[in-house]
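If you want the building blocks of each chain, they are given just below.
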Amino acid sequence: MSNGNKDVLTGHQVVANAMRQVEPDVVAAYPITPQSEIVEYFSQFVADGEVDSEVITVESEHSAMSACVGSAAAGARTMTATASQGLALMMEIVYIAASMRTPIVMTVANRALSGPINIHCDHSDSMAARDSGVIQLYGEDAQEAYEFTLMAQRLAESEDVLLPVMVTLDGFTLTHTAQVAELLPDESVKEFVGEYEARYPLLDVENPTTQGPFDMPDYYFEHKLQQVEAMSNVPDRFLEVQDEFNQLSGSNYDGLFDSYKLDDADYAVVILGSTAGTAKVVVDQLREQGKKVGLLKPWLFRPFPEEKISKALRDKEAVGVLDRSLSFGSSGPLYLEVSSALSEEDNKPRLYNYTYGLGGRDIKEEQIAEVFEDLEDPDLEHEMRYIGARQ
Amino acid sequence: MANLKTLAEREEKKRKFESGHSLCSGCGLPIAVRTILNSVDGPVVASNATGCLEVATTRFPTSAWNIPWIHNAFENAAATISGVESAYRMLKKKGKTEKEINFVAFAGDGGTYDIGLQSLSGALERGHDFTYVTLDNGAYMNTGIQRSSATPKGASTTTAPAGEERYGKQEKRKNLTEIVAAHGIPYVGQASISNLTDLSNKAEKAFNKNGPTFLNVLSTCQLGWRVPPEKSIEIAQKGVDTCFWPLYEVDEGEYNITYEPKEKLPVEEWLKPQKRFASLFKVANQDVVDEIQNDVDSDWEELKAKSS
């Protein structure tokens, strides 16, 4: 694998290479489509001596995250990867990983949750983890997934954060397609991520610690508030990590979300993940027709950058929020966040919620163009619209 | 090898597990844990499944543990320690630690026989260098004495209670020690809080092996067994002397009975003092006692055949 050059690589390959370059001490993972190849590539790197890591081939995702918590608590740099049912199975321990402040970096290859069973992309898996206490970063393409995986390491290990970071990329759309991607030289990544020194490693036998004790009502609340505080430190730390990353890579990350032709737009869509790429094409097409349209693509979904997103959207005429998961009996998870972010604004834009792409259903340029067309209608009713679904 | 004198001397040293916890009087858990940890030379790191032991020894901000200790959840003590142990091996390889460290996982029967069986089996198969200890008191005691697959036939629990129509648990318990032995790991030991030198010797052997080892320790719960706390050891001893709970080991595949009762007592002597078995002593249930006796006898004969 060449480093420091553009190459044609799948999402699996770029994430596996990011892991190789980070060289975690321990990776514990269990196979699941569409994640499996990440760990397969990584295991091959281990077998070929290209990376010095211990791969624990656990018997379930529940044990994957359990072993990750043990490893991270021991003081080792620890990573895992999963998707869909795997994330659902490990969910109990994802909450514990966050509460024990273990800086585990995990990839989620987004895939629909059962049932019916489906192996294709939507965001129901990672959205189910949105209240778990992990930081969530959503990538649009392989390049972002790669770069976020590297940045996630620094973010997770920031002294006033110490939380797991989940980096998501859309299953199949990004994991299984070959894209042009540029990997940094190994030595640059090594320098960027540095050495990890855990503050209270379990393996410090001279200074024994009791980790994961039992809380009664007299302490539980305060311990949860410590997680709240850690989460609140994330946006600033993420911006700092971006700055450092930009210097290293020549990238130009400069925020908690990606804005595409948004500043002067009257109409905007908010989209997570790979569909944002399609939306950019649509924005370009409509701009050519003289329409003032734009896109906001959150990178950071947890914590949700309410204030900044509110500022970016408040002067728009109308905003369409495209969710790729359902919250049965309520609006989409992304819509709820955007709506909450704008709730304090006096003259907020008209806000509409769309659901698209469940279970890997394609979304086409013209369908996103139709959303923009909808937004221009001042009398458009507020109801959930399901893009491309047979009614 | 330990004897009573060495067991007593070890108690004089700095304790790895301290007093002051809130486990019940007569509880077998602290007896087992102290004896096992006292049998380890050098540093040891423990993982602990959710249960009485965890709840009663780590109420924040207190801790009874003078060793590094981690609790993750109920069903994953084995997976958790396998993460700790893997981290240790890699950090040692990379020169970040030079210590020789032992690893142990503690869990109850519910956390092992039932919800944690997969996690344990996976960790054993992967060959991590650790000792897994099941503290078997035969039910989910922490949550209020519910039936587990370790609950002996005939015991009344809150979810398989004795009543007008039923005498309690209808099914024979799962033989976890044999299930673990079938993994072909270097050492498996079955022990009891009534026989501490035997327990200590088994713990020493387990810790000194490379690879996964396992101890299944019979541990009295005075609440669940409905026995007076001061009878805790005596009743566990009855379990051993009736051969309901034989003391044996499987060392590198070789079966050894480590304690043979001078006189094998009838199983009633184990059942009768425990009120959880009270309904077995109604006349109508004499055949159940006979069945239990038959099970004990045939298991004991089978074990003796394996050990010869």
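Residues numbered from 1 in each chain as written. Chains lettered and ligands numbered in written order. Predicted model: local features only at pLDDT ≥ 70, side-chain atom pairs only at ≥ 80, totals over all residues.

## Looking at the overall build of chain A
Stated formally: Under the scheme used here, helices are H or I runs from DSSP no shorter than 4 residues and strands are E runs no shorter than 2 residues, and both carry numbers assigned from the N terminus. In this description the radius of gyration comes from C-alpha coordinates, and the expected globular size is given by 2.2 Å times residues to the power 0.38. Once C-beta atoms are placed from the backbone, each residue is buried if 20 or more other C-beta atoms lie within 10 Å of its own, exposed if 12 or fewer, and partly exposed for counts between those two. A pair of residues counts as a contact when their C-beta atoms, built from backbone coordinates, are separated by no more than 7 Å.
Within chain A, the regular secondary structure consists of 13 helices and 16 strands. The C-alpha atoms of chain A give 21 Å as radius of gyration, which agrees with the globular expectation for 391 residues (21 Å, within 12%). Principal-axis analysis of the C-alpha atoms places the extent of chain A at approximately 70 × 55 × 45 Å. In chain A, which comprises 391 residues, the proportion classed as buried is 54%. By sequence separation, contacts in chain A at least 24 residues apart represent 80% of the contacts at least 6 residues apart.

## Notes on the overall build of chain B
Across its full length, chain B carries 12 helices and 8 strands. Relative to the globule expectation of 19 Å for 308 residues, the C-alpha radius of gyration of chain B, 19 Å, shows essentially globular dimensions. Summarising its shape, the C-alpha atoms of chain B cover approximately 70 × 45 × 40 Å along the three principal directions. Counted over contacts in chain B with a minimum sequence separation of 6, partners at least 24 positions apart contribute 69%.

## Overview of the environment of V321 of chain A
Residue and element names in this part refer to chain A. Inspection of the secondary structure assignment puts V321 in strand β14 (residues 318-323). With 26 C-beta atoms counted inside 10 Å, the residue V321 sits in the buried group. Each C-alpha atom of the pair V321 and K348 lies 14 Å from the other, and the pair is 27 residues apart in sequence. What V321 contacts, discounting residues up to four positions off in sequence, is V270, G332, L334, Y335, V338, L351, N353 and Y354.

## Remarks on the interface of chain B and chain A
Heads up, the rule is: Three categories are distinguished: nonpolar for Ala, Val, Leu, Ile, Met, Phe, Trp, Tyr, Cys and Pro, charged for Asp, Glu, Lys and Arg, and polar for the others, with Gly belonging to the last. Should DSSP find at least two bridges between two strands, the strands are regarded as paired.
Taken together, the contact between chain B and chain A spans 39 residues of the former and 38 residues of the latter. When residues of the side of chain B that touches chain A are traced back to their parent elements, those giving at least two are β1 (44-48), α3 (52-57), β2 (69-71), α4 (77-93) and α6 (117-126) of chain B. Top contributing element to the side of chain B that touches chain A by residue count: α4 of chain B, with 12 residues. Residue classes in the side of chain B that touches chain A are distributed as 18 nonpolar, 15 polar and 6 charged. As judged from the 2 bridges shared by strand β9 (residues 210-211) of chain A and β2 of chain B, these two strands associate in the parallel manner.

## Notes on the nonpolar core
Stated formally: Any set of buried Ala, Val, Leu, Ile, Met, Phe, Trp, Tyr and Cys residues joined through C-beta atoms within 7 Å is what this text calls a nonpolar core. Domain segmentation is taken from an automatic or database assignment of domains.
Counting residues in hydrophobic clusters, the biggest one holds 212 residues, and the most contacted among them are V165 and A268 of chain A together with F106 of chain B. Counting the residues that make up this core, at least three belong to each of domain 1 (6-185 + 214-249) and domain 2 (257-386) of chain A.

## What about unusual backbone geometry?
Each neighbour pair has its own omega, and for S114 of chain A with G115 of chain A the value is 0°, a cis peptide bond. Inspection of the secondary structure puts G115 of chain A in the loop between β5 (105-110) and α5 (124-128). With omega at -5°, the peptide bond leading from R302 of chain A into P303 of chain A counts as cis. Relative to the helices and strands, P303 of chain A resides in the loop between β13 (300-302) and α11 (306-313). Even without glycine at this site, R226 of chain B takes up a positive phi of about 55°. We note that C243 of chain B has phi near 70°; this positive angle belongs to a residue other than glycine.

## Quick word on the packing of helix α3 (residues 61-74) of chain A against α4 of chain B
Think of two packed helices as two axes; the pair is described by the angle between the axes and how far apart they sit. Selection rule: Every axis corresponds to a line fitted to the C-alpha atoms, with the helix fit spanning only the stretch in contact, and the corresponding angles, defined between N-to-C directions, vary from 0 to 180 degrees. In this scheme, roughly parallel covers angles under 35 degrees and roughly antiparallel covers those over 145, while 65 to 115 is roughly perpendicular and the rest are oblique. Handedness of a crossing is defined here by the sense of rotation of the near helix relative to the far one, left-handed for an anticlockwise turn of less than a right angle and right-handed for a clockwise turn.
Across the interface, α3 of chain A lies against α4 of chain B with an axial gap of 6 Å and an inter-helix angle of 45°. On the basis of their axis angle, the class for α3 of chain A and α4 of chain B is oblique. With respect to the hand of their crossing, α3 of chain A and α4 of chain B are arranged in right-handed fashion. Each of S63, S66, A67, C68, V69, G70, S71, A73 and A74 of chain A in α3 of chain A lies in contact with α4 of chain B, whose residues at this interface are A79, T80, I81, S82, G83, V84, S86, A87 and Y88 of chain B. Looking at side-chain class alone, the contact of α3 of chain A with α4 of chain B contains 10 nonpolar, 8 polar and no charged residues.

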